[in-house]
Amino acid sequence: MKARTCWNAVCTVEDLVPESGIAVWTEDGPVAVFYLPHRLPALFAISHTDPFSGANVLARGITGDLKGEPIVASPLYKQHFNLNTGVCLEDDSVRVKTYAVLLDGNRILLETAHKQREAVAA
Amino acid sequence: MSKKTLIVIGNGMVGHHFLEQFVASPGAAEYDILVFGEEKQLAYDRVHLSEYFTGSTHADLAMGTADWYSAQGVELRLDESVTTLNRDRKRVTTPKGEYGYDELVLATGSFPFVPPIEGREHPHCFVYRTLDDLDAIRASAREGKSGVVVGGGLLGLEAANALTNLGLQAHVVEFAPRLMPVQLDTDGGALLRHKIEELGVQVHTEKATTAIVEGENARLRMNFSDDSHLETDLIVFSAGIRPQDALARSSDLEIGERGGVVVNDQCTTSDPHIHAIGECALWDQRIFGLVAPGYTMARTLSAVLNRDRDAAFTGADMSTKLKLLGVDVGSIGDAHGQTPGARNIRFNDEQAGHYRRMVISEDGKTLLGAILVGDNSHYDTLLQYALNGIALPTNPETLILPEGQGGAPALGPDALPETASICSCHNVTKGDICNVIDAGCGDLASVKAETKASTGCGGCTALLKNVVDSELEKRGVEVNTDLCEHFPYSRQDLFHLVKVNGIRTFRTLISQHGRGQGCDICKPAVGSILATCWNEHILATDHVPLQDTNDTFMANMQKNGTYSIVPRIPGGEITPDKLIVLGEVAKQYNLYTKITGGQRVDLFGATLSELPEIWEQLIAAGFETGHAYGKSLRTVKSCVGNTWCRYGVQDSVGMAIHLENRYKGLRAPHKVKMAVSGCTRECAEAQSKDFGVIATENGWNLFVCGNGGMRPRHGDLFATDLSDEALIRTIDRVVMFYVRTADRLQRTSVWMENLEGGLDYLKQVVLEDSLGICAELEEHMNNIAGTYQCEWKTAVEDPEKRKRFREFVNLPQQIDPVQEWTTERGQRRPVSESA
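Residues numbered from 1 in each chain as written. Chains lettered and ligands numbered in written order. Predicted model: local features only at pLDDT ≥ 70, side-chain atom pairs only at ≥ 80, totals over all residues. Heavy atoms only, no water.

- Per an unreviewed UniProt entry, the recorded name for chain B is Nitrite reductase large subunit, and the organism is Marinobacter antarcticus.
- UniProt, in its Pathway (unreviewed entry) section for chain B, records the words "Nitrogen metabolism; nitrate reduction (assimilation)."
- UniProt's Subunit (unreviewed entry) comment on chain B is quoted here verbatim: "Homodimer which associates with NirD." (UniProt positions renumbered as here; feature names shortened; annotations may be inferred.)

- You'll find chain A entered in an unreviewed UniProt entry as Rieske-like [2Fe-2S] domain-containing protein, with marine sediment metagenome given as the organism.

1. So, the overall build of chain B
Next, step 1: When its secondary structure is counted, chain B shows 25 helices and 38 strands.
Next, step 2: Projected onto its principal axes, the C-alpha coordinates of chain B cover approximately 100 × 70 × 55 Å.
Next, step 3: Residues counted as buried form 54% of the 835 residues belonging to chain B.
Next, step 4: Sequence-distant contacts, at least 24 apart, represent 61% of the contacts inside chain B between residues at least 6 apart.
Next, step 5: Put simply, chain B shows about 36300 Å² of open surface, and 47% of that area lies on carbon and sulfur atoms.
Next, step 6: Charge centroids of chain B, computed over 81 positive and 111 negative side chains, lie 3 Å from each other. (Helix = DSSP H or I, 4+ residues; strand = E, 2+ residues; numbered from the N terminus. Buried < 20%, exposed > 50% of the residue type's maximum accessible area, 1.4 Å probe, protein only. Contact = heavy atoms within 4.5 Å. Areas by Shrake-Rupley, 256 points an atom, 1.4 Å probe, with all protein chains shown as cover. Lys, Arg positive; Asp, Glu negative; His and termini not counted. Charge placed at Lys NZ, Arg CZ, Asp CG, Glu CD.)

2. A look at the interface of chain A and chain B
Next, step 1: Tallying the contact residues gives 36 residues for chain A and 37 residues for chain B.
Next, step 2: Both faces combined, the contact of chain A with chain B buries some 2800 Å², and carbon together with sulfur accounts for 53% of it.
Next, step 3: In terms of surface lost to chain B, no three residues of chain A exceed W25(A), R60(A) and I62(A), which account for 29% of the buried area on that side.
Next, step 4: At the surface where chain A touches chain B, the tally comes to 17 residue pairs in polar contact (both at pLDDT 80 or more).
Next, step 5: Those elements that place two or more of their residues in the side of chain A that touches chain B are β1 (5-12), β2 (20-26) and β5 (62-66) of chain A.
Next, step 6: The greatest single-element share of the side of chain A that touches chain B, amounting to six residues, is contributed by β2(A).
Next, step 7: Within the side of chain A that touches chain B, the residues separate by chemical class into 17 nonpolar, eleven polar and eight charged. (Buried area = accessible area lost by both parts, 1.4 Å probe. Polar contact = N/O pair within 3.5 Å; in protein donor to acceptor, adjacent residues only side chain to side chain. Nonpolar A, V, L, I, M, F, W, Y, C, P; charged D, E, K, R; others polar.)

3. So, the confidence of the model for chain B
Next, step 1: Per-residue pLDDT for chain B averages 89, and the proportion of residues at 70 or more is 97%.
Next, step 2: Highest mean pLDDT in chain B belongs to strand β19 (residues 274-276) of chain B (97); lowest belongs to strand β21 (residues 320-324) of chain B (79). (pLDDT = per-residue confidence, 0-100.)

4. Things to note about the UniProt feature "domain: FAD/NAD(P)-binding" (unreviewed entry) in chain B
Next, step 1: UniProt annotation of "domain: FAD/NAD(P)-binding" (unreviewed entry) refers to residues 5-287 of chain B when read in the numbering used here.
Next, step 2: Structurally, residues 5-287 of chain B is divided into 22% helix and 28% strand, and its ends, taken at the C-alpha atoms, are 28 Å apart.

5. Let's talk about the packing of aromatic side chains
All names here are of chain B.
Next, step 1: Considering all chains together, one arrives at 17 aromatic pairs over all chains under this definition.
Next, step 2: Where F737 meets W751, the ring centres are 6.1 Å apart and the plane angle is 65 degrees; that geometry is what we call edge-to-face. In this pair, F737 is assigned in helix α20 (residues 724-741) and W751 in helix α21 (residues 748-754), connecting sequence segments 14 residues apart.
Next, step 3: For F737, a relative accessible area of 6% puts it in the buried group. (Phe/Tyr/Trp six-rings, centres within 6.5 Å; stacked < 30°, edge-to-face > 60°.)

6. Quick word on the pairing of β21(B)
Residue and element names in this part refer to chain B.
Next, step 1: Only one face of β21 is buried, namely the one carrying T320, L322 and L324, since none of K321 and K323 on the opposite face is buried.
Next, step 2: Pairing analysis gives five bridges linking β21 to strand β22 (residues 327-333), with the strands arranged antiparallel. When the bridges of β22 are listed, T320 appears paired with S331.
Next, step 3: Taken together, β21 and the strand that follows it, β22, pair antiparallel across an intervening segment of two residues, in which L325 is found at a positive phi of about 50 degrees. (Pairing = 2+ DSSP bridges.)

7. Digging into the UniProt feature "binding site: [4Fe-4S] cluster" (unreviewed entry) in chain B
Residues and elements named next belong to chain B.
Next, step 1: UniProt annotation of "binding site: [4Fe-4S] cluster" (unreviewed entry) refers to C639, C645, C679 and C683 when read in the numbering used here. Across 45 residues in sequence, these annotated residues keep their C-alpha atoms within 11.1 Å of one another, forming a single compact spot.
Next, step 2: You can see C639 is positioned in the loop between β32 (633-638) and α19 (652-663).
Next, step 3: Aside from chain neighbours lying at most four places away, what touches C639 is S652, V653, V676, S677, G678, C683 and A684.
Next, step 4: Note on C645: relative accessible area 30%, which makes it partly exposed.

8. With respect to the UniProt feature "domain: Rieske-like [2Fe-2S]" (unreviewed entry) in chain A
Next, step 1: The positions that UniProt labels "domain: Rieske-like [2Fe-2S]" (unreviewed entry) are, in the present scheme, residues 7-109 of chain A.
Next, step 2: Secondary structure content for residues 7-109 of chain A is 0% helix and 46% strand, while the C-alpha to C-alpha distance between its ends is 6 Å.

Now the structure itself:
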């Protein structure tokens, strides 16, 4: 059974920076939201935590594409992460969490685990 | 005159290589050639055998084709093994017939050693040598869940990889206390084990198998001498090889104590008409279990049969580089340091999983051997040092330190002598490569086709490319210098495109001259070019996404995601009031404070959201940004000069402040450092800077393109006794010429070394205006100096730009939870995982 999830508004369109990322705080921890206006879809969300350093910095990396896939380069040690899959290009055994993200009017919605439900179940 | 007959027994890699060499030689005309192969297939590449499980077919792995053999007039008899050898009558027999020879070549190779363990004949026990073996393993694996490889050497791990590819839970059982005991030491073996276990292969060392019996939960059960056991569905023995010398034994040729057909330097056995090459041959009490020495023997024998009196096999380098289960492993020369007096240098980064060991001679001058685990990027350079006896640098440890932490750059192809062996499989030297390029080979592919370099084990691919590129470049041939996959141009090309076409945004440049969306290579490079050309604020909307995080947030990111702040302190001169402000700000935000090497103060540990607040205070106190984050002018270091010092002859502090204020903010291909010394005592260490100025009685001497850091270089004396104005004018020109012509991330020192014509050429351009561009260079520099703005001042005054400094845009008060702190020597610092 698919785990219960919920969609939360995390920021607005005005908060986004074209061709770059911003960080938001969610129940699931820090998440990086990227806006690549020349792609369709243009919004991507992955964990903000760089798995190689443990620091919350991925939103501050340089975005772009490699072989057509959208990527962000970690600002610390420069590994690349596929924004669609979260997989690290230099080491495919490493993968950061990805989140579904969508635009609802002016709001950016992010799909995260339904914490309250989990708490009740536990 | 009728032809003589040459018979080759064995059609493996070495046998095939011998034929390739021999049929191309004049001596081949004297012989009819007959080849016997035991296997059904033509010689194939056993080095890449495991690729058979990942999609390669025999055709992919084959060394040649049947057509090739017939075109060469070689009679090939496959699936026909020679059963007896009669030396007196010079005849061999097979189940199909009897054949006479004049010269006989044994290239029978080796067979896998299977330890005499009870139960080893079980149908699900295998060896790993031929395509037939692999077919049998594949069939057995279909119904199985797990597999054991007995033997943790090079081939054993290769086999374990193959079992993993077949979807089995793989185990490696090794008798020795570590993996790859021949090539690796204890630390290297331990790291390799750790990495392989991380990949899901279970490793069992110090296990001696006593019996193989029926299993309870799997097909087989292995009992070990320590009373433990392991259940598995199949077993692959890979416990070493033994020379295939049965034929030689039965015909009373001289055989080594532990097997192998004894050969001399001419690869000839105790019978002058019988020769042996490859893994069946024992030379100087040694069997060579690698393909490269076998190839060398094959070439030697071909020359011997052509009556070359000088031809001799003189041993071979047993260095190996390979990827085992995706883990880099390299072993060079005397890896265990057995040479008397040998010393070791070890680098062991357990965090990154890198282990490197160098074995150096007693006098510290030459590299005897090396071990690498986890990262083979240093292999080529180390191998060249070891093979060619190139003198080690003064600090040899730099060869294995990570780059950026004192690590030396790889040995450039230019540093290699003509005799340097580039491809040891096919014995191709740098000189050979130069020759075929001179003879008309114009690219890598044709050099490979002509010399066969890099077509053996493939370990030299990167080195070969470097040598070919460098040699082609020397001859004026175009080499691919594309910045990245998005731009088919070098940085210099892009600079001209931007400048000439007046391009002001990355988007325009990539849509007109590139493809795709860009990446972390081209974006900052173009960002820097745009800044040099047009000097717009780096946080202008179009430029923000181009910058490295340090430029984006105008501070230096540290390992826990916080930033350090370096305000500009021109010339290192600071008033007590300003020093107090730095102290107060540091106290208020609990910032770790350190004096830098460039006579400034570095404040560490500021969060993203604190940066603008801190800078508001610093700007109010009269500070400007120090560009410590940028590829731009850092500091101009100075000694106190003639205003105080009794030896000083000029006002070095005054000149340093003037230079710092002129060049601050200029974006360059890399950082730029300067220094001014007030007399020849050189207290400011100006000769180690990109631009160094030393006072004389009559003015200033200018040194250019020096460097400290990981590859020190003394600056070259460029001009002497310059007036203040002449000094500025000269630096303007050199700086701008560098900015326009250097590669991405190329410091002035490397730029100078690669500049055709070197120092003399630069003097012509700058001092004699040989290109007629000096006025333009000066004007460009004047424009940049005239449009300088303190980036931080502009940023804190602009609410839109300040929005970028929110840690989390939806929760401004949220503190980053991963930042953990401790106190050391009275100051706060991040908790480090290793401490």
